[in-house]
2 protein chains.
Amino acid sequence: MQALMIIDMQNDFVDHGGRALVAQAAQTVPTIAALLAHWRQQQWPVIHVIRSHQADGCDSERFRRHAPVCVANTWGALPYPSLAPLADEMVLIKTRFSAFYNTELAQYLAANGISDIAITGTQLPNCVRGTAADGLYRDLDISVVTDACSAQNQAVASANLQDLENMGARLIHSSALLAPDQN
Amino acid sequence: MQALMIIDMQNDFVDHGGRALVAQAAQTVPTIAALLAHWRQQQWPVIHVIRSHQADGCDSERFRRHAPVCVANTWGALPYPSLAPLADEMVLIKTRFSAFYNTELAQYLAANGISDIAITGTQLPNCVRGTAADGLYRDLDISVVTDACSAQNQAVASANLQDLENMGARLIHSSALLAPDQN
């Protein structure tokens, strides 16, 4: 049973008015929405990973402490509307790149017998890669959905995808996950 | 007080006869040796990070389980001779990319009041970056010594150094650490 993970697809990173726009993020929204619809239809597990930070910057990375992003209870922290979680879906809040760092993710996966994750979201060099690496450390099956992850440009995206494959992650296109004969 | 960290400079990664040679690693040996000599002269902390794996692959990353590297009690696991630790220097054994994962590193740093690390070693996309990221998650001062870290080629090295700088790491050349006016 493969879980679908959606990382940091929040207004601050995806919307043109966001505080920390990732240039490629918006173009991945339809693909992630299609995967999300498919996972929901199959009743497979979905894990939404979001940032939520204090307004004064105290729990941000040091390089962002003067200008925190995804501040709790602001528009920037909200999930991008078409990817918003349903009430019964898992939502994990993190304050660093990796979804495993200081969160209950590992415990949640173990409790639900999940050892296989398809990662989508933004951005590839930071939160996607950090989460993928931490998953690989724990011997999980980590797939990175190439057309559902984003970076500031394609060169950065491609370099990180190549490194991730060398680290043991599986690179997969969304079409292979959505194809009828895969299910 | 900045600690010098040397990651995975072991025969299997550095020597031409090694099982998992990193193409650029050997060329960084003189630079790391100069930094090590300087740190020892100043009596500053040095942290050697090495891999040590079971011969049957059971504690290796899954993609290496069929062909483990740095097998305990073999030549491949030995530190590269000119960078070998002294008896009173910290040696940390790890089985994944990050020196923080399942090791006592965080505890050692806290106990010794160390919040500033200059990272050297191999290889940049995996163990160097994984350790740097985990240090940044913990709000440590992470410097990556650009001419003392290595990868399979310069394109990979450069892409990873750029990502690391964007993540909040400081990129520094060894000459700045060895210059008399820095000390």
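As a reminder, the structure under discussion sits directly above these lines.
Residues numbered from 1 in each chain as written. Chains lettered and ligands numbered in written order. Predicted model: local features only at pLDDT ≥ 70, side-chain atom pairs only at ≥ 80, totals over all residues.

## Description of the interface of chain A and chain B
Next, step 1: Taken together, the contacts link 19 residues of chain A with 19 residues of chain B.
Next, step 2: Secondary structure elements with two or more residues in the side of chain A that touches chain B: helix 4 (124-137) and helix 5 (154-166) of chain A.
Next, step 3: Sorting elements by how many residues they give to the side of chain A that touches chain B places helix 4 of chain A first, with 6 residues.
Next, step 4: Here the residues of the side of chain A that touches chain B sort into 9 nonpolar, 5 polar and 5 charged. (Contact = placed C-beta atoms within 7 Å. Helix = DSSP H or I, 4+ residues; strand = E, 2+ residues; numbered from the N terminus. Nonpolar A, V, L, I, M, F, W, Y, C, P; charged D, E, K, R; others polar.)

## A word on the relation of the copies chain A and chain B
Next, step 1: It takes a turn of 180 degrees to lay chain A on chain B, together with a shift of 0.0 Å along the axis; the resulting RMSD is 0.0 Å. Classification of the inter-copy transformation places it as that of a two-fold axis. Closest approach to the rotation axis within chain A is made by the C-alpha atom of A:Ala159, at a distance of 3.5 Å.
Next, step 2: Looking at chain A, 100% of its interface residues are interface residues in chain B too, so the copies touch through the same face. (Least-squares fit on C-alpha atoms with pLDDT ≥ 70 in both.)

## Examining the environment of B:Ala55
All names here are of chain B.
Next, step 1: Following the sequence through the fold, alanine 55 ends up in the loop between strand 2 (46-51) and strand 3 (90-94).
Next, step 2: Exposure remark for alanine 55: the 10 C-beta atoms within 10 Å place this residue in the exposed category.
Next, step 3: Ignoring anything within four residues of it in the chain, the contact list for alanine 55 reads Pro68 and Val71. (Buried ≥ 20, exposed ≤ 12 C-beta atoms within 10 Å, placed from the backbone.)

## Side note on the nonpolar core
Next, step 1: Counting residues in each nonpolar core, the largest one holds 92 residues, and the members touching the most others are A:Met5, A:Ile119, B:Met5 and B:Ile119.
Next, step 2: The contact partners of A:Met5, leaving out residues within four places of it in the chain, are A:Ile47, A:Val49, A:Ile117, A:Ala118, A:Ile119 and A:Thr120. (Core = buried A, V, L, I, M, F, W, Y, C linked by C-beta atoms within 7 Å.)

## A closer look at the packing of helix 4 (residues 124-137) of chain B against helix 5 (residues 154-166) of chain B
Residues and elements named next belong to chain B.
Next, step 1: Two elements in contact, helix 4 and helix 5, have axes separated by 10 Å at closest approach and are oriented at 15 degrees. When the axis of helix 4 is compared with that of helix 5, the two are roughly parallel. Taken as a pair, helix 4 and helix 5 cross one another with a handedness that is right-handed. Side by side, helix 4 and helix 5 meet where Leu124, Pro125, Arg129 and Ala132 of the first sit next to Val156, Ala157, Asn160, Leu161 and Leu164 of the second.
Next, step 2: Of the residues contributing to the contact of helix 4 with helix 5, the split by class is 7 nonpolar, 1 polar and 1 charged. (Axes fitted to C-alpha atoms, helices over the stretch in contact; angles between N-to-C directions. Parallel < 35°, antiparallel > 145°, perpendicular 65-115°, else oblique. Left-handed = near helix turned anticlockwise from the far one by under 90°.)

## As for the sheet that holds strand 3 (residues 90-94) of chain A
Residue and element names in this part refer to chain A.
Next, step 1: An order of 3-2-1-4-5-6 is seen for the 6 strands of this open sheet, with the pairing classed as parallel. Where the open sheet ends on each side, the last strands, each with one partner, are strand 3 and strand 6 (170-172). Strand-to-strand twist in this sheet, taken as the mean axis angle between neighbours without regard to direction, amounts to 25 degrees.
Next, step 2: With 6 bridges joining them, strand 1 (residues 2-7) and strand 4 (residues 116-122) adopt parallel strand pairing. Within strand 4, the position partnered with methionine 5 by the bridge is isoleucine 119. (Pairing = 2+ DSSP bridges.)

## Overview of the pairing of strand 4 (residues 116-122) of chain B
Next, step 1: With respect to burial, strand 4 of chain B is a largely interior element, 6 of its 7 residues being buried.
Next, step 2: Regarding topology, helix 4 of chain B serves as the crossover connection from strand 4 of chain B to the parallel strand 5 (residues 141-150) of chain B, and that connection is right-handed. (Right-handed = clockwise from strand over helix to strand, strands pointing away.)

## Describing the environment of B:Arg64
Residue and element names in this part refer to chain B.
Next, step 1: Of note, arginine 64 is situated in the loop between strand 2 and strand 3.
Next, step 2: Residue classification places arginine 64 among the partly exposed residues on the basis of 15 C-beta atoms within 10 Å.
Next, step 3: The sequence separation of arginine 64 and glutamine 123 amounts to 59 residues, and the corresponding C-alpha distance is 15 Å.

## A word on unusual backbone geometry
Next, step 1: Note the cis peptide between A:Thr122 and A:Gln123, where omega equals -15 degrees.
Next, step 2: Relative to the elements of secondary structure, A:Gln123 occurs in the loop between strand 4 and helix 4.
Next, step 3: Non-glycine residue B:Asp8 carries a positive phi angle of around 60 degrees.
Next, step 4: Following the sequence through the fold, B:Asp8 ends up in the loop between strand 1 (2-7) and helix 1 (11-14).
Next, step 5: Using a count of 29 C-beta atoms within 10 Å as the deciding quantity, one classes B:Asp8 as buried.

## Observations regarding helix 5 of chain B
Residues and elements named next belong to chain B.
Next, step 1: Taking 1.5 Å per residue as the helical rise, helix 5 with its 13 residues ought to reach 18 Å, and the 18 Å between its terminal C-alpha atoms agrees with that figure.
Next, step 2: If you check which residues of helix 5 are buried, you get Val156, Ala157, Ala159, Asn160, Asp163 and Leu164. The buried residues of helix 5 all sit within an arc of 170 degrees when viewed along its axis, so they share a single face. Within helix 5, the exposed residues directed more than 90 degrees away from the buried face are Gln154 and Ala155.
Next, step 3: Where helix 5 terminates, the next one or two residues include glycine 168, which has phi positive at roughly 110 degrees. (Expected span 1.5 Å × (residues − 1). Arc of directions from axis to C-beta.)

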